Structure formats: C-alpha cells, structure tokens
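# Structural overview for review
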Amino acid sequence: MLLVTDIRENKEKYIKALAKRGIDASATLDEILNVDEERRSSQGKLDEVLSQSNSYSKEIGKLFQSGETQKANELKEKTVELKESSKQLNDQMMNAAEKLQQLLYTLPNIPNDLVPAGTDENDNEEIFSEGEVPKLAEGALPHWELAKKYDLIDFELGVKITGAGFPVFKGKGARLQRALISYFLDKNTAAGYTEVQVPLLVNEASGYGTGQLPDKEGQMYHVGVDDLYLIPTAEVPITNMFRGDLLNNSDLPITCTGFTPCFRREAGSYGAHVRGLNRLHQFDKVELVRIEHPDNSYKALDGMVEHVKGILRELKLPYRILRLCGGDLGFTSALTYDFEVFSTAQDRWLEISSVSNFETFQANRLKLRFKDTDGKNKLVHTLNGSSLALPRVLAGILENYQTEDGIKIPEVLVPYCGFDFIK
RNA sequence: GGAGAAAUGGCAGAGUGGUCGAAUGCGGCAGUCUUGAAAACUGUUGAGGGUCACACCUCCGGGGGUUCGAAUCCCUCUUUCUCCGCCA
C-alpha cells in the first residue's frame, strides 16, 4: 500500500512512476488527497469535541466528589450536545478513513527506476543468461511424455482424485521432487536462511498483509466455512509471521526459507501452454523471504539473485534472468527479476523463480516496522524469491537431461535421490 | 464437542467506575563511578493520529453497549490455559 503521507508531498512522482505500469493515476491520486484531507479535518473537529467533553467529565467528577451534586448535574446537560456531534463527526471520520483505505488498496506499488517501461512480457529486459542448451537427439520428448514413459507422474490419476492440474507423482518422480526440496532447503539454510514450516491456510488479514487481497481474491482457493484461504505461495504465511511487529534495528535482516505446496486457481488459463507441469493448481515451492533495513534492501535483492543463480549453476540448467517491465510487474513489487529455465523439448522458457523487492508496500499493509538507530520507527522493506518452483525445475531436468536410454540425474541431486539415472 | 478460568506496555505483573496511558520488577537507552568491564547509583524509556513545534485526540485481545466519565460494568467474537470427551 502506498503511503498517503508521501503522496501528499510527491504526487507528481507517483503519477510518473505509475505511468510506467500503464496506469493514469492522476484522478485517483487527487481523490485520495481529497479524502485524506476530509479525514484529517473531520478528525480535527472530532478531537476538539472530545477534548471539550473530556474536560467536562473531569470537572463533573470533581464536583461529585466535593458534594456539589447540583452543579454537576447542570454540567451534565452540557455534554448531551457534545455527544451527539461527536457521534456525527466520528462517522464522518470513519467513512473518510474507510474510503481512503479502499482507494489506496486499488493502487499497485510504484516501480523502481530500473524498471523498463513496457506493456507485457515482450518488453521485459533480459539482463543475464548462462548455461548451454543441450543438443537433443532427434525425437526428444517434452516432459509430460517422459513422465509417462518412465512412470514418474500420473496426470489422469490426479484428475480422478481431484481434477485437472493436480498431478500424482510416483516412484522416482516423487523421489526426485523430494530430493529437490531437500537440496533447495539445504542450500538456503547454508546461506543463512532460517528454515520454517508454516500453515498452508491463512486468514483474511494475512491475505491483505502481503497484498493478495483484495487484488487477487479470485486466484486463491477460499475455504468458506472457516473463511480461510489456501496459500498461493509461502510468501504469505512467512511474511505474515511478522505482521504488526516493531523490530529492533539489530533484528534485521530477518531471513527465512520454507517449503510449502502452493495452490492457485489459475482461472481462465487453458491451452497448450498449461500442458504437463507448466501450470498446475497445486505445486511445491521453496521460498525465500527477507525483512530488510530500507538502506540495504537492494543489495539484499542482488544477493538473492546471486543465490538463485548459484543453484541453477549447480543444477547445470540453461537459464536467463529478466528484469520485468512496468506492465508485467506484480501488483506489490517495485522491482522483480524472473528466472527462466529453457525447456529444450518445448523450445520455450519456463519461469521458475521470481525475486522481488516490495520496498515498504507490504510493510505498510503489515504495519511491520523497526526502530532505527535514530530512534524513529520506520517501515521495513520486504523481499522474497523462489528457490525454486518445483514442477518446472523438474520439467527442465527431465527435458534437458534426457538421453536415448533414460534420464540422467544432475550430479548435486544424486546424494539426495539415491539414484543417478531413470530408465 | 462439554465445563470452568483468563487476555494489561519488549517481558513479568498490579490495577474492579473519575486524579490511570496505566504501580512495581526485569529488560532497553543515557549518565555517574571504573584503566576497561561488571556491580551499584541517577535519569530516561509504549504506539498511532495531529501540529512548523506545542496543544490536543485515540489505543489495556477484536467489535458493540451502559455512563457526564470505562483497563475496570454488560453483550458478543477470537485466542490461551485447566478439567472431561474424541483423535492423527
């Protein structure tokens, strides 16, 4: 959520920055400023009335104590009117505050200066690539064929149990997936991240805290009877562990990693690009979350990028890094780097990680602050990144490591798998 | 699921209608002392809104109510603890 206090002073900055996302926010910002003004002025009037009535109350108290009952009762009469007007003013103030909140919820984060202008994924900027795309033999198969051939994943079985997009992993397929989870968590904890296991269902407040609500209401599975949401990413429960906290400077940075399944309704996305493991309703992911001092957040973002690079390098998968353009940037993000693995058999790139700095956007919603060395309470910066999204890494491994006889296992995973070849 | 008890500042813990944003202890910060540290002593120390700065306003789990006045009384929700039941 954007900061009203800052919008008051730098409206032009916000108009310009949001234009990068293709949003003309000037009307909304004007409305925000109007409502903000309205809120503050009615609050001011309310405060005056309350102040007056407080002092009457004190006086009445004293009069009763000194036995001047009649005087006290006379004074009581004077409070009647004040009470009425304080009710009205309070309603006014609450209305304005509520309206302001709703308006602020509609605006996405402002992009960092590095974010290129653009409307969709075609305008993203490739900033790095590494790894050789293997030359596959004639007749190389896409991962869903391989999964079937070697009996690693059963998509139909998932349809029977639940529906499309909920595959069943079997045998070495399941083991390889578990190996990846352990490997990622080991890499992350070795880099200093604290491993956490968190709830997979979150309440509404958590959804608002990290910005999934109200923006992406329809993307999450909602459990109606208990009013809980299945998490679309571990970012939600992990970041919300710190909701409302006032941290000490010395607590920063806080770094966590966690493995969770992720659930996404993916309403309205069908077709060739969702085949196999490309897009699922339930998938596994290991996530990184960082709570940082604002002065350090971009350095931390670079550090996360390097960390994920290291993992892909060890897996020897061909990948590239994109800096997302304004039009493709997530609602809450100020700067995002997407990692994509090349899927040789599909001849296309698959997004397997997204590393973002949200600056104060989430912190403002979460009311997550820290006491800086100057004694002032400030909003932290929150960041997160995947390391990594499992099924697509699996897809990349199956396709890029396939041979005529079977599938080789990347060297770093062999100790985790207990086998080095699938045939 | 049933029966009871409770929820107060970073933590512990007083406070049952007015002078309580809240005793006390611990912790934190600053200082005195010390070669330095510890101990001891002194002072200071919640958050948000508002203001140029004050003033002022709000907040004692959430919401609502009674009252001139609520941490304190009433209703309701949530959570925690104890006992019983059930159970991976």
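Computed from a predicted structure; not experimentally measured. (Residues numbered from 1 in each chain as written. Chains lettered and ligands numbered in written order. Predicted model: local features only at pLDDT ≥ 70, side-chain atom pairs only at ≥ 80, totals over all residues. Heavy atoms only, no water.)

What surrounds RNA strand B is a group of 20 residues, the closest being Asp-47, Ser-57, Gln-65, Arg-369 and Lys-371. When atoms of RNA strand B within 4 Å of the protein are split into backbone and base, the sugar-phosphate part holds 68%. Measuring from a sugar or linking oxygen of RNA strand B, one finds a side-chain N or O atom of Arg-39 at 3.0 Å. Between RNA strand B and the protein, one listed contact pairs a phosphate oxygen with a side-chain N or O atom of Asn-377 at 3.2 Å. Taken together, the elements giving at least two residues each to the surface near RNA strand B come down to α3 (26-65), α4 (69-106) and β14 (369-371). Residue contributions to the surface near RNA strand B peak at 12 residues, all from α3. Within the surface near RNA strand B, the residues separate by chemical class into 4 nonpolar, 8 polar and 8 charged. (Near = heavy atom within 4 Å. Polar contact = N/O pair within 3.5 Å; in protein donor to acceptor, adjacent residues only side chain to side chain. Helix = DSSP H or I, 4+ residues; strand = E, 2+ residues; numbered from the N terminus. Nonpolar A, V, L, I, M, F, W, Y, C, P; charged D, E, K, R; others polar.)

For the rest of this paragraph, the subject is the packing of helix α2 (residues 11-19) against α3. At a minimum axis distance of 10 Å, the contact between α2 and α3 shows a crossing angle of 145 degrees. Considering the relative orientation of α2 and α3, their crossing is right-handed. Residues Lys-11, Tyr-14 and Ile-15 of α2 form the contact with α3, whose own contacting residues are Ser-26, Leu-29, Asp-30 and Leu-33. Taken together, the residues of the contact of α2 with α3 sort by class into 4 nonpolar, 1 polar and 2 charged. (Axes fitted to C-alpha atoms, helices over the stretch in contact; angles between N-to-C directions. Left-handed = near helix turned anticlockwise from the far one by under 90°. Contact = heavy atoms within 4.5 Å.)

Across a sheet, strands are paired by hydrogen bonds formed along the backbone, either parallel or antiparallel in direction. Spatial ordering of the open sheet is given by β1-β11-β12-β13-β16-β10-β9-β4, a layout of 8 strands whose pairing is mixed. This sheet does not close on itself; its edge strands, each paired only once, are β1 (125-130) and β4 (194-196). Recorded for the sheet is a direction-independent mean angle of 25 degrees between the axes of neighbouring strands. Direction of pairing for strand β9 (residues 254-263) relative to strand β10 (residues 282-292): antiparallel, over a ladder of 10 bridges. Paired with Phe-259 across the two strands is Val-286, which belongs to β10. Contacting β4, β9, β10 and β16 (381-389), helix α7 (residues 171-190) crosses the sheet at an angle of about 5 degrees to β10. Across the sheet, helix α10 (residues 297-315) lies against β1, β10, β11 (319-323), β12 (335-343), β13 (348-357) and β16, angled at about 5 degrees from β16, the strand it touches most. (Pairing = 2+ DSSP bridges.)

Burial within helix α12 (residues 390-400) is extensive, with 11 of its 11 residues counted as buried. For α12, the complete set of buried residues consists of Leu-390, Pro-391, Arg-392, Val-393, Leu-394, Ala-395, Gly-396, Ile-397, Leu-398, Glu-399 and Asn-400. (Buried < 20%, exposed > 50% of the residue type's maximum accessible area, 1.4 Å probe, protein only.)

Together, Glu-204, Glu-217, Asp-226 and Asp-227 give the surface a local cluster of negative charge. With respect to the element layout, Glu-217 can be found in the loop between α8 (204-210) and β6 (222-223). (Patch = residues over 30% accessible without salt bridge, like charges linked within 9 Å, V, L, I, M, F, W, Y side chains within 5 Å. Areas by Shrake-Rupley, 256 points an atom, 1.4 Å probe, with all protein chains shown as cover. Salt bridge = Lys/Arg side-chain N within 4 Å of Asp/Glu carboxyl O. Lys, Arg positive; Asp, Glu negative; His and termini not counted. Charge placed at Lys NZ, Arg CZ, Asp CG, Glu CD.)

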